[in-house]
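An overview of the molecular structure
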Protein chains: 2
Amino acid sequence: MSKLSSALLAVVLACGLGSSAFAQSDPLPSWNDGKAKQAILDFVGKVTRDGGPDFVPPEQRIATFDNDGTLWAEQPVYFQLQFALDEVKRLAAEKPELKDKEPYRSVLARDVRGLAANGGKGLQQVMAATHAGMTTDAFAAQVRNWLDTARHPTKQRPYTEMVYQPQIELLAYLRSQGFKTFIVSGGGVEFMRTFAEKAYGIPPEQVVGSSGSVTFRLGADGKPELLKTAKVEFVDDGPGKPVGINRFIGRRPILAFGNSDGDLQMLQYAAAGSGARLALIVHHTDAEREWAYDRQSPIGKLDKALDEGKTRGWIIVDMKTDWKTVFPTR
Amino acid sequence: MSKLSSALLAVVLACGLGSSAFAQSDPLPSWNDGKAKQAILDFVGKVTRDGGPDFVPPEQRIATFDNDGTLWAEQPVYFQLQFALDEVKRLAAEKPELKDKEPYRSVLARDVRGLAANGGKGLQQVMAATHAGMTTDAFAAQVRNWLDTARHPTKQRPYTEMVYQPQIELLAYLRSQGFKTFIVSGGGVEFMRTFAEKAYGIPPEQVVGSSGSVTFRLGADGKPELLKTAKVEFVDDGPGKPVGINRFIGRRPILAFGNSDGDLQMLQYAAAGSGARLALIVHHTDAEREWAYDRQSPIGKLDKALDEGKTRGWIIVDMKTDWKTVFPTR
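Described in the following lines is the structure provided in the data block. The numbering scheme is per chain: residues are counted from 1 as the chain's sequence reads. Working convention: letters from A go to chains and numbers from 1 go to ligands, in the order in which they are written. Totals for whole chains, interfaces and linings use all residues, but because this is a predicted model, local features are given only for residues with pLDDT of at least 70 and pairs of side-chain atoms are given and counted only at 80 or more.

**With respect to the sheet that holds strand β6 (residues 255–258) of chain B**
Residue and element names in this part refer to chain B. Sheet architecture is open: 8 strands sit in the order β2-β5-β4-β3-β1-β6-β7-β8, paired in mixed fashion. In this open sheet, the two strands that pair with only one neighbour each are β2 (134–135) and β8 (315–318). Both β6 and strand β7 (residues 278–283) contribute to a ladder of 4 bridges, which runs parallel. Looking at the pairing, Ala256 lines up with Ala279 of β7. Any two strands with at least two DSSP bridges between them are considered paired. Counting from the N terminus, the helices are DSSP H or I runs at least four residues long and the strands are E runs at least two residues long.

**Things to note about unusual backbone geometry**
Omega for the peptide link from Gln75 of chain A to Pro76 of chain A comes to 0°, which places this bond in the cis form. Within the secondary structure, Pro76 of chain A sits in the loop between β1 (62–65) and α3 (79–94). The phi dihedral of Arg110 of chain B falls on the positive side, at around 50°, and the residue is not glycine. Within the fold, Arg110 of chain B resides in the loop between α4 (104–108) and α5 (112–131). With a phi angle near 60°, Gln156 of chain B is a residue other than glycine that sits in the positive phi range. Three classes are used. A residue is buried when 20 or more other C-beta atoms lie within 10 Å of its own, exposed when 12 or fewer do, and partly exposed in between, with C-beta atoms placed from the backbone. By the C-beta count within 10 Å, which is 8 here, Gln156 of chain B ends up exposed.

**What about the environment of Ser106 of chain A?**
All names here are of chain A. For Ser106, the position within the fold is in helix α4 (residues 104–108). Classification of Ser106 by C-beta neighbours within 10 Å gives buried; the count is 21. Along the sequence, Ser106 and Leu123 sit 17 residues apart, while their C-alpha atoms lie 9.8 Å from each other. Each residue gets a C-beta atom placed from its backbone, and two residues are in contact if those atoms lie within 7 Å. Setting aside chain neighbours within four positions, we find Ser106 in contact with Asp111, Gly114, Leu115 and Gly122.

**Some details on the sheet that holds β1 of chain A**
Taking strand neighbours across the sheet as the criterion, the 8 strands line up as β2-β5-β4-β3-β1-β6-β7-β8 (chain A) in an open arrangement whose pairing is mixed. Only two strands of the sheet have a single neighbouring strand rather than two, namely β2 (134–135) and β8 (315–318) of chain A.

**What about the environment of Leu264 of chain A?**
Residue and element names in this part refer to chain A. Mapped onto the secondary structure, Leu264 falls in helix α11 (residues 264–271). Leu264 gets classed as buried once you count the C-beta atoms within 10 Å, which come to 22. Those residues in contact with Leu264 that lie beyond four places of it in its chain are Lys304, Ala305 and Glu308.

**Description of the interface of chain B and chain A**
Contacts between the two partners involve 27 residues from chain B, matched on the other side by 27 residues from chain A. Among the elements that make up the side of chain B that touches chain A, the one with the highest residue count is helix α10 (residues 240–248) of chain B (5 residues). As a working rule, the residues Ala, Val, Leu, Ile, Met, Phe, Trp, Tyr, Cys and Pro are called nonpolar, Asp, Glu, Lys and Arg charged, and the rest polar, with Gly in that last group. Here the side of chain B that touches chain A is built from residues that sort into 15 nonpolar, 6 polar and 6 charged.

None of the figures reported here should be taken as evidence of function without further support.
Right under this line is the structure:
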């Protein structure tokens, strides 16, 4: 064998070994082997098998994920609500004259009844004071500032480290297989867009969420700006999720992943399309590493969707047994 | 020189020549050389020059295009309105009992006054009869059927051949340079999504448009479906365009292309961002190959945006002189 031939052979062998080693490496190392992981691998395998009976062209490989409780934690309260409460405190510290006014008084006094009074009017005031009356750019800057500095009350981690490592791997794996990954969440769209790209690799234009009305105006300097108002425009929860998917994506997902009854209609909608479909639910069963809650929880209640998921053969992911790790190691 | 060396040299030279030949090939062959074409090439060159002062990372290379009058023609009436009128005739032919009812009577009698009476109530009825009271899937099927069969009243071409060849090339060129291309149009989002992927290479999730309210329900067979209602939800025109961009894309475009006063705020918004920006307007100046209209036209009126564009140095594309061809050759 000539030197050239042997060098070429070495290259070919190396390439061959490399790609074979890659194909055998585990794309989901934080998932324990089991029914859930296998269902994911089987589904992705069959929809990407060119010429196979379940093949789906790449442009139709739409995957939608809920955010709170599906991609990151949601206890003891939704993190966006924690942001709002922290902002109220920050604003009151900056302007002491606010301290005796609502909703600042109730928040500072931890007066939950005051906030819940009048059909939750106090909470609406909290949201309005922290999410409206500013430009979209100013709001995004405040959220980023909060994410950089705030810590989760019990886990003492930055909120962006409260994401689920197995899901980060799943999102990356799906994208490597030609899927386009979307968030479809009840959370505020402008809130989530500030971190979704860095945390999940999901760009702003692939985040679907609830929104308040925004108005266009020419600012004092003649420059165009967008002003956030307190008027609720769209609630991307429950039956709002398939509506949001239709409005923002315009295609029915072939894979949907949720964790609560607020995801039921999204899961129904994805699962009912023709061809291969995968619907998954995170079941929070891990009181030690995360939290354990389902049917009775005021946050992330999972009741009807758990029953329907079991009946319909959706994949119920048991956090305690299916996830090797929950949060990213530092 | 050994055989190996000369073979390697041949490969290197071939690669070098190949890429040089590629770099010199014209990505916009249907654009005449001139100020507009040069401005596009210069802009794309500088935002993609890694390490240059105007470099923009690929994920921020957002380009937004109006549709009617910018990507395809809009005379003598918006094609979506032509669809609605054709649908009314089709429905009346299918159900003769409709012929004496509004809006069918006025459309069949070409009674423009009847349609415009009561503040355009007849037109609203036309839109409701043809765009609501059906599932999103059924509506999309009707639009596709119409696009397959209908012909433009004067040009006698299918409507999907009324797209502008220079713009098809521009969209493809931008995507080849790492841009993400979006439609941001006053047209109905579900109408445009039926053809945007095939006609422009723009997938459904990158189409932003006006929309009616849609509701989720479980159909008679228990299958989830989305029902289109006649309630207007969002008008993606004028100041609605930057609002729509914020809602659906969540990033400010660095390039925006329009053709009418309805695009003014989108152009202002894109142009006012920091860094390199390009705002462009199609000026319909070609009565022979297309149509000539601007300040006085009831369809696609271009008046304020033409003045502001000239003042601000936006690129006014003169269809007659800047475009070598207008429509694709068959």
